[in-house]
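A look at the structure
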Amino acid sequence: MKNQDYWKKRQEEKLNDILDDAQVTSDYISGIYSKACSYTQDKIKGIYDNFRDSHRLSDAEAKDLLFKVTRDPGYAKFDYAELKKRLENNPTSEERKVLLKKLDAPAYQYRIKRLENMQNQLDQLMKKVYNIEKDKSTDCYINSAFNAYYKDVYNLQQGMGVAYSFDELDASLIDKTLKSKWSGKNYSDRIWNNTSALADSLKEEMMMGVLTNKTEKEMAETIMNKFAVGAFQARRLIQTESAAMSAFTDQLAYEDAGIEKEMFIAVHDSRTSKICQQHDRSIVEISKAQVGVNVPPLHPNCRSHMIAYIEGITDAMKKRQRNPITGRDEVVDLKEDYNQWLKRQQEEHGVDTVDTFMKKTKNLSNDRKQYQRYMNVLGKENMPTSLSKFQDMNYNDIEKFNDLKSFYSFKSRNEEASYNDFLLHRINDYAPGNSSVAERINGYVLKDTKSKKEQDHIFKRMMERNITSDDLQAYVDSAKVMFDQWNGKRRLYISSKGAAVVVKRDEGWVFKTGMKYTDYGENYMAILEVMKKWKK
């Protein structure tokens, strides 16, 4: 078993990798804020003057006036008509008189109209920024959870020297974590608050620009600074939430391995916060661990992390070290790096890829609704036993899931139909006639002299194909499906051994022709593939 320095190093490496991935997302979102900034700067061109004149309100006076307008519950925020009314009611200074005259000028009225339109567009612009930021952030956090969990398992196996089997990461648990308010608010709420506050702040600055007679260049710089603050807040949120997601999945991995405690590790340098110093090296029971309370991050941009507090190989590890197929204990390959290990888990044990896990998590709500709809129509006996298995089928076994979708569609139109009825419906296009469950009959070969030509033809066919009457009967006996033809006067039996055709005579069913399984064409093979799913 490795010493404490090993666990510290591995956790630091893991957290750094996760924060590096978060940095990529932060850079992308910063680019979105930069584009939104450029768009806004372009839209204000021609609205503000190129040069200041001497007649303008002071910043303090403008802010006081704006405060009264924007905080009055009787008026909408950033209402230019109300602003003008307030100025007219109290024209106490030369600056206010000049400003009123300026606002009344027809040319300036056009500018104000453009500015009002721009302010209205800001809400839509920031809503787009919010949607992009939320979507990219969600992808980032799911990726953080995935890599944090499986790197924890990898590190534990390598450090303990025990290749124990482990539970796959549950998409529903990560979805629940994404919706949690570990720091008082959900990350989606924080993004919405940040983008909404930025929109309001920009609107206010635009009004301030009119009142204080800011130039176009000054306003462009103000807008740039406001968007820079928004981008900084987005970056800080992504870094902090990614670290929180890593901490959440640490607990899942430790619990799965039977580890009951973890230790708080703070970074020892001059930038370490007092709260992290106070928690440094504290031991926390997994059952009592709370991110943001006794587990980092304890504050924005927190660099602390947790390590497993290991007192020896756990019973859970011992019990799950043995391979149920070979009956031997699995051996840890110390030369195997994380990516090689994860690929082997995916190939040998069906562990999700990160893309599949991301789909499961992001689509969980819709998948849950779909699962319930299918359950209501198909019943428990025809459905995967859990939402998790339903998602596994959806994202990892497309052919089987498409079959389930087709059955759902069929049964929605035919409430009393069984799964076998659905299978019979599916094969109707592969052979002439109407498919149904095979009815057992005893056939015979025609021997009467009245039909000698027909009799000779049947014998010739059977000899060419090396088929006996016993073979034909065996095909009938083993067939799951038959096709009624000629208004019930002829039947085609298809089995995994061969096919037989019988026709109705007064005395019973006469073998008309047949073929071996090896002579089947595409349609008959397709029928067999469908009938493999037949339920007893």
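Quick note: structure is the one above.
Here the structure is a predicted model, which means the values were calculated and not measured. (Residues numbered from 1 in each chain as written. Predicted model: local features only at pLDDT ≥ 70, side-chain atom pairs only at ≥ 80, totals over all residues. Heavy atoms only, no water.)

**As for the packing of aromatic side chains**
In this structure the tally under the stated criterion is 21 aromatic pairs. Between Tyr-517 and Tyr-520 the ring centres are 5.6 Å apart and the planes differ by 70°, which places this aromatic pair in the edge-to-face class. Residue classification places Tyr-517 among the partly exposed residues on the basis of a relative accessible area of 36%. Site record: aromatic cluster; members linked through ring pairs are Phe-146, Tyr-149, Tyr-150, Tyr-154, Phe-166, Tyr-338, Trp-341 and Phe-357. Lys-535 extends its terminal NZ or CZ atom over the ring of Tyr-419, reaching a point 4.8 Å from the ring centre. (Phe/Tyr/Trp six-rings, centres within 6.5 Å; stacked < 30°, edge-to-face > 60°. Buried < 20%, exposed > 50% of the residue type's maximum accessible area, 1.4 Å probe, protein only. Lys NZ or Arg CZ within 6 Å of the ring centre and 35° of its normal.)

**Here's the deal with the side chain of Ser-304**
Its place among the elements puts Ser-304 in the loop between β2 (283–285) and β3 (305–308). If sequence neighbours within four positions are ignored, Ser-304 has contacts with Leu-15, Phe-264, Ile-265, Ala-266, Val-267, Cys-276 and Pro-296. (Helix = DSSP H or I, 4+ residues; strand = E, 2+ residues; numbered from the N terminus. Contact = heavy atoms within 4.5 Å.)

**Some points on the pairing of strand β6 (residues 481–485)**
Two faces, one strand: in a regular strand the side chains alternate between the faces of the sheet. The buried fraction of β6 amounts to four of the five residues, a majority that puts the element mostly inside the structure. Inspection of the sheet shows β6 paired to strand β7 (residues 490–494) by five bridges, in the antiparallel sense. Paired with Gln-485 across the strands is Arg-490, a residue of β7. As consecutive antiparallel partners, β6 and β7 are separated by four residues, and within that stretch Trp-486 has a phi angle of approximately 55°, a positive value. (Pairing = 2+ DSSP bridges.)

**Observations regarding the sheet that holds strand β5 (residues 443–444)**
In spatial order, the strands read β4-β6-β7-β8-β9-β5; together these six strands make up an open sheet with mixed pairing. Sheet topology places β4 (434–437) and β5 at the edges, where each strand pairs with a single neighbour. Across two bridges, β5 lies against strand β9 (residues 508–516) in parallel orientation. Residue pairing for β9: Tyr-444 is matched across the bridge by Val-510.

**Focus on helix α16 (residues 419–426)**
By the burial criterion, the buried members of α16 are Tyr-419, Asn-420, Phe-422, Leu-423 and Leu-424. Tucked into the core, α16 has its buried residues touching α15 (398–413), β4, β6 and α19 (522–531).

**A few points about helix α6 (residues 171–179)**
The periodicity of an α-helix, 3.6 residues per turn, causes residues three or four positions apart to be oriented the same way. Every buried residue of α6 is listed here: Ala-171, Ile-174, Asp-175, Thr-177 and Leu-178. Axial view of α6: buried residues confined to an arc of 160°, hence all on one face. Facing away from the buried surface of α6 by more than 90 degrees, the exposed residues are Lys-176 and Lys-179. (Arc of directions from axis to C-beta.)

**Side note on the nonpolar core**
Ranked by size, the top nonpolar core spans 69 residues in total, and within it Tyr-33, Tyr-150, Leu-156, Met-206 and Phe-227 carry the most contacts. When residues in this core are grouped by element, the largest group, 19 residues, is from helix α5 (residues 106–160). Leaving out residues up to four positions away in the same chain, Tyr-33 has contacts with Met-126, Val-129, Glu-133, Thr-195, Leu-198, Phe-227, Gly-230, Ala-231 and Ala-234. By size, the runner-up hydrophobic cluster in this structure holds 34 residues, among which are Ala-417, Ile-427, Ala-431 and Tyr-524. (Core = buried A, V, L, I, M, F, W, Y, C linked by side-chain atoms within 4.5 Å.)

**Digging into the pattern of salt bridges**
As a working rule, side chains carrying opposite charge can pair if their charged atoms are close by. The full count for this structure, using the stated rule, is 22 salt bridges. With a closest N to O distance of 2.3 Å, Asp-250 and Lys-14 form a salt bridge. A residue pair is termed long-range when its members are at least 10 positions apart, and Asp-250 in helix α8 (residues 216–256) and Lys-14 in helix α1 (residues 4–43) qualify at 236 residues. Relative accessible area serves as the criterion here: at 2%, Lys-14 is assigned to the buried category. One salt bridge connects Asp-269 with Arg-303, and the closest N-O pair in it is separated by 2.8 Å. Within this pair, whereas Asp-269 is found in the loop between β1 (261–265) and α9 (274–279), its partner Arg-303 is found in the loop between β2 and β3, the two being separated by 34 residues in sequence. The exposure class of Asp-269 is partly exposed, given its relative accessible area of 32%. Under the relative-accessibility criterion, Arg-303 is labelled partly exposed at 26%. In this structure, a network of salt bridges that share partners links the residues Lys-14, Asp-152 and Asp-250. (Salt bridge = Lys/Arg side-chain N within 4 Å of Asp/Glu carboxyl O.)

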